[in-house]
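Remarks on the overall topology
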Amino acid sequence: MLISYSFTRPDWMWDLLFEPVKKAGDIFLAVHPGGIHIWVTNAEAMHQITSRREAFPKPLESYKILEIFGRNIISTEGAEWKRHRKVSSPGFNEKNNVLVFAEACRQTHGMVRKWLGPNGAGNITVKEAPTDTMRLTLHIISSIGFGVQLLWPGESIDRRLHTDTAIYSSNEPPEGHTMTFENSLTILLERLILVLMLPESILKRLPFQKTREAYESLINWRQYMNELLIQKVYEARQGQRGEGMDIMGTLVKSSYGESTTERKSSLGRVENGESNKITLSDSDILGNAFVMIVAGHETTANAVHFSLIELAISPRPQRLVQKEVQNIFGDETPEKWDYDSNINALLGSIVGAVMNEQLRLMPPVIAIPKSVTESQDQVITLDGEKYTLPAGARIALNTVGTHRNPKYWPTQPSKVTDAENDLNDFRPERWLITIDEKGAQQVDSATDSENDDDFGGYTGQTSSSKLFHPVRGSYLPFSEGPRSCVGRRLAQVEVMAVLATIFQKYSIELAVDEWASDEEVKRMSDSEKRAVYKKAQDKARETLRSATPLLTLKLNPGFIPIRLVKKGEERFICLIN
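Bear in mind the structure is a predicted one, so any value in this text is a computation, not a measurement. Each residue is numbered by its place in its chain's sequence as written, counting from 1. Since the coordinates come from a predicted model, pLDDT governs what is reported: local features require at least 70, and pairs of side-chain atoms require 80 or more to be given and counted, while whole-chain, interface and lining totals use all residues. Each side-chain value is derived from all of the structure's non-hydrogen atoms; neither hydrogens nor water enter the calculation.

Okay, the overall build of the chain next. Secondary structure is summarised from DSSP: a helix means a run of H or I of at least four residues, a strand means a run of E of at least two, and numbering begins at the N terminus for each. Check the secondary structure of the chain and you find 20 helices and 13 strands. Buried residues in the chain amount to 54% of all 577 residues. Nonlocal contacts in the chain, meaning residues at least 24 apart in sequence, comprise 69% of its contacts between residues at least 6 apart. Here, Shrake-Rupley sampling with a 1.4 Å probe gives the accessible areas, and only protein chains in the shown set may cover a residue. Of the roughly 25,900 Å² that the chain leaves accessible, carbon and sulfur atoms contribute 51%. Each residue is placed in one exposure class: buried if its accessible area under a 1.4 Å probe, protein chains only, is under 20% of its type's maximum, exposed if it is over 50%, and partly exposed if it falls in between. Here, residues are in contact when the closest pair of their heavy atoms is within 4.5 Å.

Turning our eyes to something else, we now look at the packing of aromatic side chains. Two aromatic rings, drawn from Phe, Tyr or Trp (for Trp, its six-membered ring), form a pair once their centres lie within 6.5 Å of each other, and the interplanar angle then sorts them: stacked below 30 degrees, edge-to-face above 60, tilted otherwise. Scanning all chains against the criterion turns up 18 aromatic pairs. Ring geometry for F101 against Y339: centres 5.6 Å apart, planes inclined by 65°, an arrangement best described as edge-to-face. Here Y339 lies in helix 15 (residues 339-347) and F101 lies in helix 5 (residues 94-116), a separation of 238 residues in the sequence. Classification of Y339 as buried rests on a relative accessible area of 3%. What links up through ring pairs into an aromatic cluster is the set F146, Y168, F181, W221 and Y224. Only Lys NZ and Arg CZ are tested; either one counts as a charge over a ring when it is within 6 Å of the ring centre and within 35 degrees of the ring normal. Above the ring of W409, the side-chain terminus of R360 is found at 5.8 Å from the ring centroid. Across from the ring centre of W14, 4.3 Å away, lies the NZ or CZ of R545, which sits over that ring.

Quick look at the environment of Q322 now. Relative to the helices and strands, Q322 is located in helix 14 (residues 315-329). For Q322, a relative accessible area of 9% gives the class buried. In the structure, Q322 is positioned 28 residues away from I350 in sequence and 9.5 Å away in space, judged by C-alpha atoms.

What follows covers the pattern of salt bridges. Each salt bridge in this description consists of a side-chain nitrogen of Lys or Arg and a carboxyl oxygen of Asp or Glu lying within 4 Å of one another. Scanning the entire structure with this criterion turns up 31 salt bridges. Residue E200 pairs with R222 through a salt bridge whose shortest N-O separation is 2.8 Å. One end of the pair, E200, is in helix 10 (residues 200-205); the other, R222, is in helix 11 (residues 209-237), with 22 residues separating them in the sequence. Through salt bridges with shared partners, a single network forms among E357, R360, D422, R427 and R430.

The term nonpolar core refers to a set of buried residues drawn from Ala, Val, Leu, Ile, Met, Phe, Trp, Tyr and Cys, joined through side-chain atoms within 4.5 Å. One finds F101 and W221 to be the most contacted residues of the largest nonpolar core, which totals 140 residues. The leading source of residues in this core is helix 13 (residues 282-313), at 16 residues. Not counting residues up to four positions away in its chain, the partners in contact with F101 are F329, W337, Y339, I343, L346, V493 and A497. Core analysis: the next-biggest nonpolar cluster, separate from the first, contains 16 residues, V372, L389, I395 and L397 among them.

Along the chain, E357 turns up in helix 16 (residues 350-361). Judged by relative accessible area, E357 falls into the buried class, the value being 0%. Sequence-distant contacts of E357, defined by excluding residues within four places in its chain, comprise D425, F426, R427, P428, R430 and W431.

When DSSP finds two or more bridges between two strands, those strands count as paired. Taken together, the four strands give an open sheet; going across it, the order is 1-2-7-4, and neighbouring strands pair in mixed fashion. The open sheet has two edge strands with one neighbour each: strand 1 (27-32) and strand 4 (367-371). Neighbour-to-neighbour, the strand axes of this sheet turn through a mean angle of 20°, independent of strand direction. Relative to strand 7 (residues 394-398), strand 2 (residues 35-40) runs parallel, the two being bridged by four bridges. Its bridge partner lying in strand 7, H37 is registered against R394. For helices, the fitted line uses only the C-alpha atoms of the stretch in contact; every axis is such a line through C-alpha atoms, and the angle between N-to-C directions lies from 0 to 180 degrees.

Patch membership requires over 30% relative accessible area and the absence of a salt bridge. Like charges are linked within 9 Å, and nonpolar side chains (Val, Leu, Ile, Met, Phe, Trp, Tyr) within 5 Å. Together, I65, I193, M197, L550 and L551 give the surface a local cluster of nonpolar side chains, amounting to about 400 Å² of exposed area. By secondary structure assignment, the location of L551 is in the loop between strand 11 (548-549) and strand 12 (553-554).

Turning to the sheet that holds strand 3 (residues 125-126), a few remarks are in order. Taken together, the three strands give an open sheet; going across it, the order is 3-13-10, and neighbouring strands pair in antiparallel fashion. The open sheet has two edge strands, strand 3 and strand 10 (506-510), and neither has a second partner.

In structure tokens:
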């Protein structure tokens with residue numbers, strides 16, 4: 001069957017959502033001179049492909065560009081990947097998530113102070129929300145990953161910090177640098193596509209401002225990374241324990257460390273063959289540290305930003321979030337919040353449902369690349385029948401489409417459009433379940449669920465015991481199987497901390513400056529306020545659909561202006577369902 005859609009367009013899955021799948025089916029092959037491409041929007045197939053890592057490996061050539069500092073957990077496969085995973089994963093545990101939660105709450109206070117304005121009154125238009133949420137998660141990852149405290153406007157350096165890392169907190173470049181730690185990393189991440197796509201020798205010579213900034217940030221950040229590496233090696237050799245989560249310190253200890261039974265080189269590295277200890281090279285350490293920043297920083301920032309926008313568009317879920325946060329924490333300040341007793345309550349509530357729903361609508365990666373082994377065909381089973389996938393074929397796991405496949409999700413007719421279902425709409429309530437008299441889970445509509453499926457990382461007892469559990473393979477914001485995101489629990493913890501901190505005392509509203517001034521709003525009737533807010537809602541939804549999938553799905557360029565207001569001082573959302 002010939003399909004009119006161009007499946008060679010790299011962004012067709014985001015541009016067209018589930019529509020092409022209705023006609024082509026949830027698994028189909030595109031045959032072209034370059035080979036065979038298999039598009040998968042079927043949960044059963046996706047679960048098998050992600051579970052069988054050796055049969056369906058990642059196409060590593062697609063990830064070579066991420067090796068600008070060294071090979072890493074994302075760009076490797078087989079035994080080499082196992083080595084990277086084994087060294088990298090110990091730092092991602094519940095003990096460290098306690099620190100992540102506390103730091104995320106603290107950093108959110110800095111962002112809130114900025115949004116409230118100089119007088120702390122709030123209700124001023126914020127146009128830099130994407131930039132600020134990027135800054136927020138950058139501050140968090142810098143603190144827990146490297147022990148570097150970055151500052152919001154009006155903050156000062158904590159004098160208790162180690163002097164070796166305090167210099168990186170300065171608003172002035174330290175000796176030997178032309179950019180501060182924060183500016184170099186911020187600009188590098190903003191210009192990352194240029195850095196990844198262009199050879200360094202060409203990047204250096206191009207006369208454009210963006211390429212000059214990209215090159216300067218690359219040189220500065222590489223120098224910062226090497227300085228931190230030297231510092232962490234020294235600490236490891238002295239048996240010192242880094243503060244906090246210390247991502248780089250954990251990586252360094254894989255190859256350097258205090259030991260009286262192992263013969264070391266002059267640099268302190270365990271000599272090859274002298275120990276059974278798994279080691280990483282210096283470039284491996286830098287490569288892993290960098291991709292963890294990229295993966296953990298941008299994806300979490302986007303999840304926070306998009307969640308805030310969706311809640312501003314949808315006042316009812318926002319009120320439910322505020323009520324739940326109040327039920328859990330009351331008026332207790334975030335500094336006193338206890339992680340162990342509260343994190344699962346957050347994840348299992350409407351707060352967790354908001355995060356899950358946002359990631360369902362806008363997953364970080366719209367298609368997860370896989371491949372069939374070059375050496376032989378592979379077989380998958382669908383509805384009891386076996387199907388052969390040809391050797392060497394490329395596979396795209398269509399997360400955007402699967403997240404909208406009505407076979408797998410509670411749904412009802414859309415209240416936003418005239419669509420037959422609401423799977424393109426933000427409705428976090430679809431994740432909430434109740435227990436009937438027989439102890440069975442009840443969701444919005446009849447659909448299968450697998451209660452033993454863990455899609456959220458380490459969960460303690462039950463991180464999502466009160467939420468709908470999608471069938472395996474149907475929900476992949478963090479991928480699934482052995483290659484799933486090692487930092488998914490950390491990302492969830494960050495988002496929960498940020499949302500809880502904001503909505504304990506504040507509301508988020510869309511700014512309506514484009515259609516009415518503050519004075520005009522004051523004179524409006526309730527119906528006029530609803531009408532002007534409807535314009536803001538429509539434009540915000542349209543802007544979200546203009547997001548582009550570069551490394552991750554984000555607004556680039558584009559922004560949706562918002563206002564942070566104190567609870568009780570809302571102008572619009574108190575009037576709208």
